[in-house]
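# Observations on chain architecture
Residue-level listing of the chains:
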Amino acid sequence: MYQINMKKNQGFTLIEIIVVVVIIGILATLIAPKFLGRTDEARVVKAKNDIKALESALDLYKLDNYQYPTTDQGLEALVEKPSVDPVPNSWKDGGYVKKLSKDPWQRDYLYSNEAGEGPLIYTLGADGVDGGEGPNADISNQSE
């Protein structure tokens, strides 16, 4: 009888591994730029969503206390009862948000409530400087 000697493959050859690495490299150079360019857009969208959430919490604060926090009281009035006048009488136990989050660039959101303008919640964008364009643009509840 004939005996067939079948040799089992023990692994990949060096050439096969190099071909796979080259293919992955080509795919990465074509696909990666499309995703990397989206990080700035994602940060802007996150900032806008955070600002909308803070604006909603401020509206609840106003419903309970008949006015928005002053500039001096700031957004912290949503977390802890203000001790600066005017001290709210109907401040909700537990606050209006659990904690204040940072903007996508790891800076605090800014707040201003000047007479007649309504509350302004904003971030200075990626560059942290007033003004700018694209991801460096200021983002606020009163923009657009």
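Residues numbered from 1 in each chain as written. Predicted model: local features only at pLDDT ≥ 70, side-chain atom pairs only at ≥ 80, totals over all residues. Heavy atoms only, no water.

As paired strands, strand 1 (residues 110-114) and strand 2 (residues 118-123) are joined by five bridges and run antiparallel to one another. Within strand 2, the position partnered with Leu110 by the bridge is Tyr122. Note: strand 2 against strand 3 (residues 139-140), two bridges, orientation antiparallel. Across the sheet, the residue bridging to Tyr122 is Ser140, located in strand 3. (Pairing = 2+ DSSP bridges. Helix = DSSP H or I, 4+ residues; strand = E, 2+ residues; numbered from the N terminus.)

Strands sit in the order 1-2-3 across an open sheet of three strands; the sheet is antiparallel. With partners counted over all chains shown, the strands left at the sheet margins are strand 1 and strand 3, one partner each. Lying on the sheet, helix 2 (residues 38-65) is in contact with strand 1, strand 2 and strand 3; it crosses strand 2 at an angle near 155°. (Contact = heavy atoms within 4.5 Å. Axes fitted to C-alpha atoms, helices over the stretch in contact; angles between N-to-C directions.)

Attention shifts here to unusual backbone geometry. Pro86 follows Asp85 through a cis peptide bond whose omega is -5°. Phi at Tyr66 is positive, roughly 70°, even though this residue is not glycine. Its location among the elements puts Tyr66 in the loop between helix 2 and strand 1. If you check the backbone angles, Gln106 has positive phi at about 65° while not being a glycine. For Gln106, the location among the structural elements is in the loop between helix 2 and strand 1.

Moving on to the environment of Arg43. Structurally, the position occupied by Arg43 is in helix 2. Counting along the chain gives 61 residues from Arg43 to Pro104, while the straight-line C-alpha distance between them is 5.5 Å. Leave out the neighbours within four places in its chain, and Arg43 touches Pro104 and Trp105.

Further remarks concern the nonpolar core. Of all hydrophobic cores here, the largest spans 19 residues; its most connected members are Leu58, Leu75, Leu78 and Ile121. Sort the elements by how many residues they give to this core and helix 2 lands first, with seven residues. When neighbours within four sequence positions are excluded, Leu75 is seen to be in contact with Leu54, Leu58, Leu100, Tyr109, Leu110, Tyr111 and Ile121. (Core = buried A, V, L, I, M, F, W, Y, C linked by side-chain atoms within 4.5 Å. Buried < 20%, exposed > 50% of the residue type's maximum accessible area, 1.4 Å probe, protein only.)

With that settled, consider the pattern of salt bridges. Side-chain pairs of opposite charge can arise whenever the charged atoms involved come near each other. Enumeration over the complete set of coordinates arrives at two salt bridges. A salt bridge links Lys46 to Asp50; the shortest N-O distance between them is 2.6 Å. One end of the pair, Lys46, and the other, Asp50, are both in helix 2, four residues apart, so they sit about a helical turn from each other. A salt bridge links Asp108 to Lys102, with the nearest nitrogen and oxygen atoms 2.8 Å apart. Judged by its relative accessible area of 39%, Lys102 falls in the partly exposed class. (Salt bridge = Lys/Arg side-chain N within 4 Å of Asp/Glu carboxyl O.)

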